[in-house]
Amino acid sequence: MIRYSLACERGHAFESWFASSSAYDKQAKRGLVACPVCGSTKVEKAIMAPRLARSDKAIDVPAPAAAPAPAAPPTPQGTEPVAMISPQERELRTKLKELRDHLVKNSENVGRKFPEQARKMHYGETEHRSIYGEASPQEAKELYEEGIEFHPLPILPDERN
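Thresholds applied
- Residues numbered from 1 in each chain as written.
- Predicted model: local features only at pLDDT ≥ 70, side-chain atom pairs only at ≥ 80, totals over all residues.
- Heavy atoms only, no water.
- Helix = DSSP H or I, 4+ residues; strand = E, 2+ residues; numbered from the N terminus.
- Buried < 20%, exposed > 50% of the residue type's maximum accessible area, 1.4 Å probe, protein only.
- Contact = heavy atoms within 4.5 Å.
- Salt bridge = Lys/Arg side-chain N within 4 Å of Asp/Glu carboxyl O.
- Core = buried A, V, L, I, M, F, W, Y, C linked by side-chain atoms within 4.5 Å.

Participant: Kindly report on the environment of Thr126, identifying the contributing residues and their values.
Facilitator: Within the secondary structure, Thr126 sits in the loop between helix H3 (114-122) and strand E5 (131-133). Thr126 gets classed as partly exposed once you look at its relative accessible area, which sits at 30%. Residues contacting Thr126, with those up to four places away along its chain left out, are Lys120 and Met121.

Structure follows, in structure tokens:
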């Protein structure tokens with residue numbers, strides 16, 4: 001799995017996970033990568049700064065940027081972002097994996113019916129229960145605008161020890 005920092009033509013910055021660099025390229029080419037703010041499918045990879053950990057300082061999670069990052073030229077063909085992670089970041093990844101495993105084990109997978117099911121629960125048409133599934137960026141934007149609370153399901157590659 002690869003996390004890319006992305007920016008749309010209007011300068012909205014966001015991040016997304018992809019199975020591989022080529023998966024991003026294929027999805028972007030087909031117009032499947034869209035800005036969650038404005039829905040634009042004119043999206044490019046933004047510059048990603050490496051995160052370096054120092055043993056004498058605690059790691060903090062950065063707050064969302066106040067101003068959107070400008071779009072950057074795409075990464076050269078055949079290269080992929082890489083990182084070395086600290087023990088604190090490894091622990092965070094472990095916790096995220098545990099959260100995902102718990103959510104998947106204790107929730108119903110409704111697949112592409114997620115937006116429909118979330119609305120039915122929000123508007124009291126069906127009993128509330130824990131669900132997960134899929135939603136397009138446009139569907140997620142519409143759910144957000146309706147005030148329906150949902151969260152991205154963390155997806156991390158398996159740890160290699």
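Participant: Give me the pattern of salt bridges: which residues, what numbers.
Facilitator: For the coordinates displayed, the defined rule picks out eight salt bridges. Of the charged contacts, one joins Glu116 and Lys120 as a salt bridge, the two residues approaching to 3.3 Å between their closest N and O atoms. Within this pair, Glu116 and its partner Lys120 are both found in helix H3, separated by four residues, close to a single helical turn. Here Glu116 falls in the partly exposed class, since its relative accessible area comes to 38%. Judged by its relative accessible area of 30%, Lys120 is partly exposed. The salt bridge involving Arg119 is made with Glu146; its shortest N-O contact spans 2.8 Å. In this pair, Arg119 is assigned in helix H3 and Glu146 in the segment after helix H4 (137-145), connecting sequence segments 27 residues apart. Overall, the relative accessible area of 29% leaves Glu146 in the partly exposed class. A single network of salt bridges, built from pairs that share partners, joins Arg119, Glu142 and Glu146.

Participant: Explain the nonpolar core to me, and be specific about the residues and the numbers.
Facilitator: Grouped together as the largest cluster of nonpolar side chains are 11 residues: Ile2, Tyr4, Leu6, Cys8, Phe14, Phe18, Tyr24, Val33, Cys35, Cys38 and Val43. At the level of secondary structure, the elements contributing two or more residues to this core comprise strand E1 (2-8) and strand E2 (13-18). Element by element, the count of residues in this core is highest for E1, at four residues. In this structure, Phe114, Ala118, Ile131 and Ile148 belong to the second largest nonpolar core, which totals seven residues.

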